Amino acid sequence: MIEVKNLHKQYPNHVAVHDVSFSVAEGEIFGIIGPNGAGKTTTVECVEGLRVPDGGTVSVLGLDPRRDAKEVRQSLGVQLQESSLPDNLKVWEALDLYCSFYRKPANPDRLLEDWGLTEKRNSPFGKLSGGQKQRLFIALALVGNPRIAILDELTTGLDPQARRDTWDLIEGIRDSGVTVVLVTHFMEEAERLCDRVAVIAKGRVVALDTPAGLIAQVESTQRLRFRGEVDERILKDLPEVSEVHRTGDQVVVSGTGELLQVVSLVLARHRIGVRDLRLERASLDDVFTHLTEGRTS
Ligand code: ADP
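Every value quoted in this text rests on a predicted model; they were computed, and no experiment measured them.

(A) Representation of the site of the ligand within the structure. Residues in close proximity to the ligand include Tyr 11, His 14, Ala 16, Pro 35, Asn 36, Gly 37, Ala 38, Gly 39, Lys 40, Thr 41, Thr 42 and Arg 51, which together make up its full environment. The separation between an oxygen atom of the ligand and a polar main-chain atom of Gly 37 is 2.7 Å. One of the side-chain nitrogen or oxygen atoms of Lys 40 is found 2.9 Å away from an oxygen atom of the ligand. Protein chains shield 65% of the accessible area of the ligand, which is 560 Å² for the free molecule. Only strand E2 (14-24) and helix H1 (40-48) provide two or more residues apiece to the shell around the ligand. Of all the elements, H1 adds the most residues to the shell around the ligand, at 3 residues. Class assignment for the residues of the shell around the ligand results in 4 nonpolar, 6 polar and 2 charged.

Below, the structure written as structure tokens:
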């Protein structure tokens, strides 16, 4: 559905996208995650044909988003980051306007019903709640019956309940056969919704995997935390140990495998008594931090 190869995009004083490649398969929810300024929006704007790449290629349904802009726009539903509408534009008027952009628009009443906005059809945009506005933007992205929907930071600014409700709606879009590209900086959102995720940092793809694959990377890293006096070298020599950090009498040992057993054994062999020993599994946020560390712009 989408093929991005070696994408490069430079702004006057800044390279926003260095070398990004990925492809999106039909029917999947593909996540693009990364810290602020990583180049996510620039990347999807190149896919949408809103920006001209300085290098690399982008193909959407086998078409060039710039050269074949008209065709591509008929198949692509886009919800832009920080979308807005005039406050006094009524919900039905917004749908009517968007319908006029497409050759074969969806039935607006059906969209209002699907997205729980029937009762709000005469409300001005400015009077809608945050969640209602987001639902309207999703509905507007789907007005053209797209084959692909690109949703950029859709749930930013929503409260947790509205965010969860939006997740159900995004699954609904996928279930109706639309391929979804979801730009987000919420790891939890990516984990819950995405079939595959590209992690972007400083304009590069630093990981591309299923959420389970990313979690597996996290789970292989463990942290052992304790208090005590210990010579770090006896721990650093162990093949299971990747790092030892000491602050005062607080020691944190990172590593893999049977970390707890091997460290306990070495401490016992050296007759080193420790307190408050506990094993911590790294979280998804940790892997995100690990992958993107030092890479925020
Ligand atoms: P993200 O969506 O991951 O937050 P962006 O693609 O919006 O990242 O931005 C990537 C980098 O490019 C940032 O450093 C941003 O400041 C810069 N940038 C974005 N848009 C422009 C622009 N129109 N002109 C100059 N720099 C820009």
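(B) Looking closely at the pattern of salt bridges. Per the stated rule, a full pass over the model turns up 22 salt bridges. Between Asp 276 and Arg 227 there is a salt bridge, with its nearest N and O atoms 3.5 Å apart. Here the residue Asp 276 occupies a position in strand E13 (residues 275-281), and Arg 227 occupies one in strand E10 (residues 222-227), the gap between them amounting to 49 residues. Residue class for Asp 276 comes out partly exposed when judged on its relative accessible area of 49%. Residue classification places Arg 227 among the partly exposed residues on the basis of a relative accessible area of 29%. Across the pair Arg 246 and Glu 229 runs a salt bridge, and its minimum N-O distance is 3.9 Å. You can see Arg 246 sitting in strand E11 (residues 241-247) and its partner Glu 229 sitting in the loop between E10 and helix H9 (232-236), a full 17 residues away along the chain.

(C) Layout of the nonpolar core. Among the nonpolar cores identified, the biggest contains 43 residues, and Leu 85, Trp 115, Leu 136, Leu 140, Ile 170, Ile 173 and Val 199 are the most heavily contacted of them. Among the elements that line this core, the one with the most residues is helix H5 (residues 130-141), at 5 residues. When sequence neighbours within four positions are dropped, the list of residues in contact with Ile 173 reads Trp 115, Ile 138, Leu 142, Leu 151, Val 178 and Val 180.

(D) Spatial organisation of unusual backbone geometry. You will see that Asn 6, though not glycine, has its phi angle at about 50°, which is positive. By relative accessible area, Asn 6 is classed as partly exposed at 44%. Phi at Leu 61 is positive, roughly 50°, even though this residue is not glycine. Among the structural elements, Leu 61 can be located in the loop between strand E4 (55-60) and helix H2 (69-75).

(E) Expanded view of the packing of aromatic side chains. Tallied over the full model, the rule gives 3 aromatic pairs. An angle of 20° between the planes, with centres 5.1 Å apart, marks the rings of Phe 22 and Phe 30 as stacked. With relative accessibility at 0%, the residue Phe 30 sits in the buried group. Here Tyr 98 and Phe 101 contribute two aromatic rings whose centre-to-centre distance is 5.4 Å and whose plane-to-plane angle is 50°, an arrangement assigned as tilted. A relative accessible area of 23% means that Tyr 98 is categorised as partly exposed. Exposure remark for Phe 101: the relative accessible area of 47% places this residue in the partly exposed category. A cation over a ring is seen here: Lys 133 above Phe 125, with NZ or CZ 5.0 Å from the ring centre.

Cut-offs and rules
Residues numbered from 1 in each chain as written. Predicted model: local features only at pLDDT ≥ 70, side-chain atom pairs only at ≥ 80, totals over all residues. Heavy atoms only, no water. Near = heavy atom within 4 Å. Polar contact = N/O pair within 3.5 Å; in protein donor to acceptor, adjacent residues only side chain to side chain. Areas by Shrake-Rupley, 256 points an atom, 1.4 Å probe, with all protein chains shown as cover. Helix = DSSP H or I, 4+ residues; strand = E, 2+ residues; numbered from the N terminus. Nonpolar A, V, L, I, M, F, W, Y, C, P; charged D, E, K, R; others polar. Salt bridge = Lys/Arg side-chain N within 4 Å of Asp/Glu carboxyl O. Buried < 20%, exposed > 50% of the residue type's maximum accessible area, 1.4 Å probe, protein only. Core = buried A, V, L, I, M, F, W, Y, C linked by side-chain atoms within 4.5 Å. Contact = heavy atoms within 4.5 Å. Phe/Tyr/Trp six-rings, centres within 6.5 Å; stacked < 30°, edge-to-face > 60°. Lys NZ or Arg CZ within 6 Å of the ring centre and 35° of its normal.

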